[in-house]
Amino acid sequence: VKFDSQGNKQWDKRFGGTLSDDFLSVQQTKDGGYILGGNSSSDSSGDKTQNSWGSQDYWVVKTDSRGIKLWDRRFGVSSGAEIYSLRETNDGGYILGGYADYGSNGDKTTVSEGYWLVKIDSIGTKLWDRTFPPASNTQQQLNGLSVTSDGGFLIATFSGQFFAGGDKTENNLGRVQTWVVKTDSMGNKQWDKTLLTTGVEGDGYAIQTKDGCYLMGNSSAAEIGGYKTQNSWDSTADYWIVKFCDTLINDITEITDKIQLSIYPNPFATDIAIAIQKENLHAATFTITNPLGQIIYTQQETNLSPTYTKMLDLSYLPNGVYFVSVVVDGERVVREVIKSPL
């Protein structure tokens, strides 16, 4: 339904087939028209021009500025797919995001079940698709999809998969955590981030900010721990947002073959050991910062052997995420550690 600025109805349009059709996302396009996305079980009928693959599919409808249909397209797999979001892309096409079940027939080119991106051009022709499977398929809803300044894509969802696996590279701290995946313009994964809290989180969202950083958030009832620095006001959920920049997204790790670094245990409750190995190692600077970049601890050690282990008592720190930096001869290696009661 289209209204003018005073709330007066200008027009309304119906789009559907003879079976169930569920509307989920809409965006006004650069040409003044609209792109609509949802799920459909209908075969070719009504306003739908393509048969279902046998279950529920993504269904996209493009209209002009008056709501008149220009084209529609169906994307799916015989075992079923659910779209949650779509966006116009910088090249005038569209990116579709949702979840697809196991199988590689239909429009899906990979067998794995997981979060499914489909890229189409300005007239709805599929250009490519990508699947991002966690190791265990415990959650299915993709909450956020956005286009980043480099033409890539940002996917936000939530995962009950506690341990890293599949495309998920970080363990959960709580039982269900927000999970964010960044891709390039061709849908190739660049990095992923798990928003660590001690609670059960859902409905994760993420956007890129104007300064090139990333803002992520959800509803959280968790107490302090992981990335969360404030307790919930009560047992019910509050808004919670956290901002990351590229350095923190990539764990500010400068990979070097000359330095071998390990930190254990991780997560830790009180003490950590920082073990480094480097040929001709004589001195090293150890620094610990919190997610805000504030320095918690810094110390230079000299007269070191090529294999050296530094022990630190961090029992005084509140639970949460910290970054341990070791600098040797101008080379830096940084690792993310988590303080959590075990």
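Rules of the game
- Residues numbered from 1 in each chain as written.
- Predicted model: local features only at pLDDT ≥ 70, side-chain atom pairs only at ≥ 80, totals over all residues.
- Heavy atoms only, no water.
- Helix = DSSP H or I, 4+ residues; strand = E, 2+ residues; numbered from the N terminus.
- Buried < 20%, exposed > 50% of the residue type's maximum accessible area, 1.4 Å probe, protein only.
- Areas by Shrake-Rupley, 256 points an atom, 1.4 Å probe, with all protein chains shown as cover.
- Lys, Arg positive; Asp, Glu negative; His and termini not counted.
- Charge placed at Lys NZ, Arg CZ, Asp CG, Glu CD.
- Contact = heavy atoms within 4.5 Å.
- Polar contact = N/O pair within 3.5 Å; in protein donor to acceptor, adjacent residues only side chain to side chain.
- Pairing = 2+ DSSP bridges.
- Axes fitted to C-alpha atoms, helices over the stretch in contact; angles between N-to-C directions.

Engineer: How would you explain the overall build of the protein chain if you had to name every residue and give the values?
Structural biologist: Each helix and strand in the protein chain was counted, giving 1 helix and 24 strands. Across its three principal directions, the C-alpha atoms of the protein chain cover 80 × 45 × 35 Å. Counting the 342 residues in the protein chain, one finds 50% classified as buried. Counting only carbon and sulfur atoms, one obtains 50% of the accessible surface of the protein chain, whose full area is about 16,000 Å². Taken together, the 30 basic and 40 acidic charged side chains of the protein chain have centroids lying 5 Å from each other.

Engineer: Residues and numbers for the environment of Asn-303, please.
Structural biologist: The topology assignment puts Asn-303 in the loop between strand S21 (295-301) and strand S22 (307-313). Along the sequence, Asn-303 and His-282 sit 21 residues apart, while their C-alpha atoms lie 5.1 Å from each other.

Engineer: I'd like a rundown of the environment of Gln-28, residues and numbers included.
Structural biologist: Tracing the chain through its elements places Gln-28 in strand S3 (residues 21-28). Taking the C-alpha atoms as reference points, Gln-28 and Ser-79, 51 residues apart in sequence, are found 31 Å from one another. Look past the residues within four positions of Gln-28 in its chain and what remains in contact with it is Gly-33, Tyr-34 and Glu-88. Of the polar contacts made by the side chain of Gln-28, one reaches the backbone oxygen of Gly-32; its length is 3.3 Å.

Engineer: Outline the sheet that holds strand S20 (residues 284-289), supporting the account with residue identities and numerical values.
Structural biologist: Spatially, S21-S20-S23-S24 is the arrangement adopted by the 4 strands of the open sheet, whose pairing is antiparallel. Of all strands in the sheet, those with a lone pairing partner are S21 and strand S24 (331-339), marking the two edges. Between one strand axis and the next, the sheet turns by 15° as a mean value, whatever way the strands run. Pairing between strand S23 (residues 320-328) and S24: 9 bridges, direction antiparallel. When the bridges of S24 are listed, Val-321 appears paired with Ile-338.

Engineer: Outline the side chain of Lys-62, listing residues and values.
Structural biologist: Mapping Lys-62 onto the fold places it in strand S5 (residues 57-63). Every residue in contact with Lys-62, bar those within four places of it in the chain, is listed here: Thr-29, Asp-31, Gly-33, Tyr-34, Ile-35, Ile-68, Lys-69, Leu-70, Trp-71 and Tyr-94.

Engineer: Lay out the pairing of strand S12 (residues 153-159) in plain terms, naming residues and giving numbers.
Structural biologist: The buried fraction of S12 is high, at 7 of 7 residues. Across 5 bridges, the pairing between strand S11 (residues 142-147) and S12 is antiparallel. Of the residues in S12, the one forming a bridge with Val-147 is Phe-153. Taking the residues between adjacent antiparallel strands as the criterion, S11 and S12 are bridged by 5 residues, where Gly-151 takes a positive phi near 85°. Pairing of S12 with strand S13 (residues 177-183) involves 7 bridges; the strand directions are antiparallel. Residue pairing in the sheet places Leu-154 in a bridge with Lys-182 of S13.

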